[in-house]
Structures are given as C-alpha cells and as structure tokens.
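Each chain is listed here by its residues.
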Amino acid sequence: MLAADGTPLKQSLNRALRRQKLRALLLIAPLLIFVLVTFIAPIGDMLFRSVENDIVADTLPHTVAALAGWNAESGTPPEEPVYRALASDLMVAVAEKTHTQLGTRLNYEDSGFSSLLRGTGRDVDNMGEDVTKALVAVDPVWDEPATWTSLLGDPAWITAQANWAKAGDKSPEPPFVLSTAAQQSLPATSAAYGDFARVMQTVKNDSPTEKRPWNLVAVGLTEDLRTNPAAADAFGPEWQPRLAAIVAAEQAGAIPTTGFAAAFAESDKAWATARPWSVIKVFSPRFTSGYFLNAVDLKMTPEGIAPRADSERVYIMLFLRTMVLSLAITGTCILLGYPVAWLLANLQPRTANLLMILVLLPFWTSLLVRTSAWKVLLQQQGVINDLLVWSSLVADSNRLVLINNQTGTIIAMTHILLPFMILPLYSVMKTIPPSYLRAAKSLGATDWTAFWRVYFPQSIPGIGAGSILVFILAIGYYITPELVGGAKGVFISNRIAYHIGTSLNWGLAAALGSLLLIVVLVLYWVYDRIVGIDNVKLG
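How each quantity is defined
- Residues numbered from 1 in each chain as written.
- Predicted model: local features only at pLDDT ≥ 70, side-chain atom pairs only at ≥ 80, totals over all residues.
- Heavy atoms only, no water.
- Helix = DSSP H or I, 4+ residues; strand = E, 2+ residues; numbered from the N terminus.
- Contact = heavy atoms within 4.5 Å.
- Lys, Arg positive; Asp, Glu negative; His and termini not counted.
- Charge placed at Lys NZ, Arg CZ, Asp CG, Glu CD.
- Salt bridge = Lys/Arg side-chain N within 4 Å of Asp/Glu carboxyl O.
- Buried < 20%, exposed > 50% of the residue type's maximum accessible area, 1.4 Å probe, protein only.
- Pairing = 2+ DSSP bridges.
- Core = buried A, V, L, I, M, F, W, Y, C linked by side-chain atoms within 4.5 Å.
- Domains from an automatic or database assignment.
- Phe/Tyr/Trp six-rings, centres within 6.5 Å; stacked < 30°, edge-to-face > 60°.
- Lys NZ or Arg CZ within 6 Å of the ring centre and 35° of its normal.
- Patch = residues over 30% accessible without salt bridge, like charges linked within 9 Å, V, L, I, M, F, W, Y side chains within 5 Å.
- Areas by Shrake-Rupley, 256 points an atom, 1.4 Å probe, with all protein chains shown as cover.
- Expected span 1.5 Å × (residues − 1).
- Axes fitted to C-alpha atoms, helices over the stretch in contact; angles between N-to-C directions.
- Parallel < 35°, antiparallel > 145°, perpendicular 65-115°, else oblique.
- Left-handed = near helix turned anticlockwise from the far one by under 90°.
- Nonpolar A, V, L, I, M, F, W, Y, C, P; charged D, E, K, R; others polar.
- pLDDT = per-residue confidence, 0-100.

J.: Is there a simple way to explain the overall build of the protein chain in this structure?
T.: What the protein chain contains, in helices and strands, is 26 helices and two strands. On the principal axes, the C-alpha backbone points of the protein chain span a range of 120 × 95 × 45 Å. By sequence separation, contacts in the protein chain at least 24 residues apart represent 70% of the contacts at least 6 residues apart. For the protein chain, the distance from the average position of its 41 positive side-chain charges to the average position of its 42 negative side-chain charges is 19 Å.

J.: How should the pattern of salt bridges be read in this particular structure?
T.: Any two side chains of opposite charge can pair, so long as their charged atoms come close to each other. Following the criterion strictly, the structure yields 16 salt bridges and no others. Across the salt bridge formed by Arg-49 and Asp-45, the nearest N and O atoms sit 3.1 Å from each other. In this pair, Arg-49 and Asp-45 are both assigned in helix 1 (residues 9–49), four residues apart and thus about one turn of the helix distant. On the accessibility criterion, Arg-49 (32% relative accessible area) is partly exposed. Judged by relative accessible area, Asp-45 falls into the partly exposed class, the value being 37%. If you follow the salt bridges from partner to partner, you end up with Asp-54, Asp-58 and Arg-286 in one network.

J.: When you look at unusual backbone geometry in this model, what are you seeing that I'm missing?
T.: Look at Lys-97: it is not a glycine, yet its phi comes out positive at around 60°. Within the fold, Lys-97 resides in the loop between helix 4 (80–96) and helix 5 (99–107).

J.: Can you walk me through the pairing of strand 1 (residues 298–301) in this structure?
T.: Pairing of strand 1 with strand 2 (residues 304–307), which is carried by four bridges, proceeds in the antiparallel orientation. What sits directly across from Thr-301, in strand 2, is Gly-304. Counting the residues between successive antiparallel strands, the hairpin from strand 1 to strand 2 contains two residues.

J.: Looking at this structure, how should I read the nonpolar core?
T.: One recurring pattern in soluble globular proteins is that nonpolar side chains are buried together. In terms of nonpolar packing, the biggest core is built from 65 residues, with Trp-142 and Leu-243 touching the most fellow members. Of the residues forming this core, the biggest block, eight residues, is contributed by helix 4. Looking at which domains feed residues into this core, each of domain 2 (54–125 + 261–311) and domain 3 (128–257) gives three or more. Residues within four places of Trp-142 in sequence aside, it is in contact with Leu-135, Val-136, Thr-147, Trp-148, Leu-151, Leu-221, Trp-239, Arg-242, Leu-243 and Ile-246. Core analysis: the next-biggest nonpolar cluster, separate from the first, contains 27 residues, Tyr-338, Leu-344, Leu-418 and Val-470 among them.

J.: For this particular structure, what's the right way to read helix 6 (residues 113–123)?
T.: Note: α-helices contain 3.6 residues per turn, so residues at a spacing of three or four share the same orientation. Every buried residue of helix 6 is listed here: Phe-113, Ser-114, Leu-116, Leu-117, Gly-119, Thr-120 and Gly-121. If you follow the buried residues of helix 6, they end up packed against helix 4, helix 5, helix 14 (260–267) and helix 15 (275–282).

J.: I keep staring at the domain arrangement of the protein chain and nothing clicks. Help me out?
T.: Where the parts come together, the accessible area they lose is often given as the size of the interface. As assigned here, the protein chain comprises domain 1 (7–48), domain 2 (54–125 + 261–311), domain 3 (128–257) and domain 4 (317–535). Using C-alpha coordinates to define each centre, domain 1 is positioned 60 Å away from domain 3.

J.: What should I look at first to understand the packing of aromatic side chains in this one?
T.: Given two aromatic rings, one states the distance between the centres and the angle between the planes to describe the pair. For the coordinates displayed, the defined rule picks out 20 aromatic pairs. Consider the rings of Tyr-338 and Phe-451, whose centres lie 6.0 Å apart with planes at 85°: the pair is edge-to-face. Highlighted residues: Tyr-338 in helix 17 (residues 315–346) and Phe-451 in helix 23 (residues 447–476), separated in sequence by 113 residues. Plain terms: the ring middles of Phe-363 and Phe-420 are 5.3 Å apart, the flat faces sit at 85° to each other, and that makes the pair edge-to-face. Placement of the pair is Phe-363 in the loop between helix 18 (349–360) and helix 19 (367–378) and Phe-420 in helix 21 (residues 406–429), with a sequence separation of 57 residues. Feature note: the residues Tyr-338, Trp-448, Phe-451, Trp-452, Tyr-455 and Phe-456 constitute an aromatic cluster, connected by ring pairs. Directly above the aromatic system of Trp-239 lies the positively charged group of Arg-242, at a separation of 5.5 Å from the ring centroid.

J.: Help me out: how do you make sense of a nonpolar patch on the surface in this one?
T.: Together, Leu-31, Ile-33, Phe-34, Val-35, Leu-36, Val-37, Phe-39 and Ile-40 line one region of the surface with nonpolar side chains, adding up to about 780 Å² of accessible area. One can find Phe-34 in helix 1. Of the residues examined, Phe-34 reaches a relative accessible area of 52% and is grouped as exposed.

J.: Looking at this structure, how should I read the side chain of Arg-105?
T.: Position of Arg-105 among the secondary structure elements: in helix 5. If near-sequence neighbours (up to four positions away) are discounted, Arg-105 is found in contact with Asn-53, Ile-55, Phe-283, Thr-288 and Tyr-291.

J.: What's the story with helix 26 (residues 506–530) in this structure? I'm lost.
T.: The terminal C-alpha atoms of helix 26 lie 36 Å apart, and with 25 residues this matches the ideal 36 Å at 1.5 Å per residue to within 8%. What helix 26 keeps buried is the set Gly-507, Leu-508, Ala-509, Ala-510, Ala-511, Leu-512, Gly-513, Ser-514, Leu-515, Leu-516, Val-520 and Tyr-527.

J.: I'm lost on the side chain of His-499 in this one. Help?
T.: Mapped onto the fold, His-499 is located in helix 25 (residues 492–501). Among residues more than four places away in sequence, those in contact with His-499 are Tyr-315, Leu-504, Asn-505, Trp-506, Leu-508, Ala-509 and Leu-512.

J.: Sorry if this is basic, but what is going on with the packing of helix 25 against helix 26 here?
T.: When two helices pack together, their arrangement is given by the angle between their axes and by how far apart the axes lie. One way to put it is that helix 25 packs onto helix 26 with a least axis distance of 8 Å and a crossing angle of 155°. Here helix 25 lies roughly antiparallel to helix 26, going by the angle between them. The crossing of helix 25 and helix 26 is left-handed. Note on element contacts: helix 26 touches helix 25 through Trp-506, Leu-508, Ala-509, Leu-512, Gly-513 and Leu-516, opposite Ile-492, Ile-496, His-499 and Ile-500. Residues that form the contact of helix 25 with helix 26 fall into these classes: eight nonpolar, two polar and no charged.

J.: Is there a simple way to think about the confidence of the model for the protein chain in this case?
T.: The predicted coordinates should not be examined in detail at positions where pLDDT is low. Chain-level pLDDT for the protein chain is 88 on average; 97% of the residues reach the 70-or-more range. Put simply, helix 1 is where the protein chain has its lowest mean pLDDT, 84, and helix 3 (residues 61–66) is where it has its highest, 94.

J.: How should the environment of Thr-98 be read in this particular structure?
T.: Among the structural elements, Thr-98 can be located in the loop between helix 4 and helix 5. Considered as a pair, Thr-98 and Ile-55 are 43 residues apart in the sequence and their alpha carbons are 8.7 Å apart. For Thr-98, the residues in contact, after removing those within four places along its chain, are Thr-59 and Ala-93.

Now the structure itself:
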C-alpha cells in the first residue's frame, strides 16, 4: 500500500512518527537542559568531589612513586631517596604555591600538616646550598645561569633561544628542551633542571638563561658524577675539564654530600618519624574513600579503617539529630496543620479565603526576618517568657530556656514549614464530599467514629504529601537551626555549610551531602513500600 506521494505507507507513517517525536523532544529540550545544568550536573559534581583526591599525586608525583616500596606499618621513616624526591617536589610546589593547598588537604586528615608543609617549604630552597658553594669554589663558571643551559640544553633549543633573544620577540621564550646526552649521562641533574626551567618559564615568566638554578640541580650534578665519573665523556671537549674537576674535588672530599633526611629533620622533627609519610602514602591515590569515612566518624590509617576518637565523633550524632528533629517537626506540623486545613475546607468561602491569606502571609516575609523574630520571642527575656511570668505560670527566677536548643529549632521550623503541610491537606480535604460524614452519622456513627472511619482515611494522601514536603525541606534547612538552635539544635546541613564556606573542605561537604541524599532516597523508598507513592495526592 502506497501513500499519496507514492512512498510505501509504512515508511511514510514511520517518518511522520519520527517527526512527531522530534518536535516533542524540541519542545521539552529547554526544560531538559535546565534540569541537566542546574540539578543533574551539580549532583554529579558533588559525588565526584566526595571521592576525588588528585592533589597529592599531582603535587608530589616523585614522592608518591618513591613511597610505593615503603612499608607504612614498619613505624620507621623511609630511606634517603624518598626525602630527595620530596625535596624535588616541594621546590616545584613552592614555586607554584600549591604546597599550601596540599597542606590544607592533608590537614583534614592529620592536624598540623599544613604548618608542617609551610615551614618546610620555606627551608627547602636552602637544602644543598653548601654543595652549590663548593661547585662555585671549584669553578666560578657554575655560578653563571648560561653555564647550565649550555651544558644541559638541546643544541636546537640553544639556537632557537639565541635567535629569540636576538630578535627581541615579545612572544614566549621557546620551551626548554634537555639534550639527549644530558638525560642519559646526568639523569638526576636533568630531572632537577627540567623542573627548574619549566617553573621559570611557565610560573615565573622568566628565562632559565638569566636565573641561577636551584641548589637541587647542583646536588644532582655531584650525585651523577659520583655515581658515573665517566659521564663527562658524553659532552664536548669544553665541558670535560670542568666536569673532571668536579670529580676530582669530590674524590678529594672538597664537595660535601647532602643528606636530605637530616635536612628535613632539621627543618621539622616530624619528618624523622613515620607519621607524615604514612599520611602522604595513605592519601596518595587519586580516588579516596577518606571523605566518606570521615562523614561516618571513621578514618583511614596504614593498618586500615579505624574509628575516630570519641571527642571527634560528631557526624553520626548530627545525622541522627537531623532525622529525629525533622520527624518531630513533621509530626508537629501534622498536629497543627490538620485542624487548620479542615477549617479551610469546611468554612464558608469568604471566611476560608481570609484564613487562607493568613496561612500564606508568612511567604510574603523573608525567612531571615521570621527566624530573627523567633529569637526575640523565645529568649529568656523575650515576649513568651515575659507573658508566662506575668500570668504566674513561670517564676521570674525560673524562666524557660526556649532558644539555642532543640526546642527553639522545632518551634521556629514548625512555624516556617507549617504552610507546606496545610496546603496539601487542604487541597485533598476540599475534594472529600461533606455528604459522606452526614451519611455515616445517619447510620448511627458518632462524630468521632464518622471522622476516624470515614473522613480521616480519605485525607491520608494529603498527610503523605505534606509529610514528604515538610520532612525533605526540614532535613535541608540550615539558616533557622543556625540562628535559633545553638550547639544542640543544629542539623547536618549546618556542618555542610560550614565545610563549604569556612573550612573549605569541599570533599567532606560533598560526602556529607551525598550521604544525606542517600538517606532521603532510602526513606523515600521505605515510604513508597509502606504507604505507596501512588497514594500521595495534592488534591
């Protein structure tokens, strides 16, 4: 069978269906993009931040590699090569100013690590200075920056750099390139100078031909020549006498040997223990479960997962407090909101509309203003206590403590969230025919029996909708608990806000947020299994 245009009918129908689906997709595309950008992407970023741990491996790459063969459970610090690798990494990190960020990250796991890295960062530049002075004493040419670029640079780079300098070009200097001979014969020197040249060109916006290299480069040169005295043969005749002079000076004991382990221990005694090295090794992987463990009052150690000290266990308690208080607020909203919703549904329209305005009135006032008003009402010298004292219900010397505790949090949040319970209840109750109650009474039921057996079951979908709204909003609140809850009335959301805005521990904040999301999803699933989400109605 053919269509009007001569094409097979089935093919024509499929093409029309595809066009219809495409038009429907284009209609909802703006909403999909909005949800993706404002909801899905932030949640994905939060989940990634809760396990991401690139900063240790990126800042201390040589140290992490050197620590791979060290047993953190031995209780003894690592060998000299690890200290040497840390010195190399710290020289780069200090120049790039990333050692402070690393210190902040590791300080979350071991208090004092930030000050340890900051102090060592100030001292690492002086490590090996005696070697540099000894090299200059052997031959003053080693104090010239151009000496090092001529020795270690690739001939093609040396030519390109000279042409660039001669032309006075404003473009960036050609990136430094090590010669093959230098990389093969002087590996330690090449590695240190390669880092130095890269930092000079990319971080300092300077030229390695104009700055004397780090002391670490001089140390690397003496180590390479001590290990391989014949390395001088790989270079031209103008370099062989100078490198041979260094070898002779080393054999005569004129050039000292740098002990990086001793230098680090002199900078801070902590480096002579296994503790800082254990922290670096444990948190060196690019993905970590450490944030999630911290979020449930556990920690990672070289021996495995261990509980935190009693004085540091706060998050499980905060999660439980958040759940309990949110349930209490939800229950209070049901008790207070149900009668109000019933009145709104059963009064005359004119009176009901007036009451509805009173219910919606809080939405016209700032949340911060409403919370601040409760601070005035609830304090011991506030309006409520003054009224109780005036009415002789409470003695003036025994005023109630209604703020900076859980009571204040429940009162203030119940007031703020009550409309979210009343509105779903009202919308459902409005659909319940009043004739049902009259019919029940006509059959002999009392007022209570008619309400409990006939009216209340039909209002349960509204209770479910209001409970979900109030509970989910309650567990995420942090402004109101922060202002009226004090130390005993704050929620887990307050701790999340603290880590995002104050401590800047975004990984832990993301882990806490992820756990809170999981808890909400689990409770939602339990609610669906018990009540059934299909029974939730908004009218």
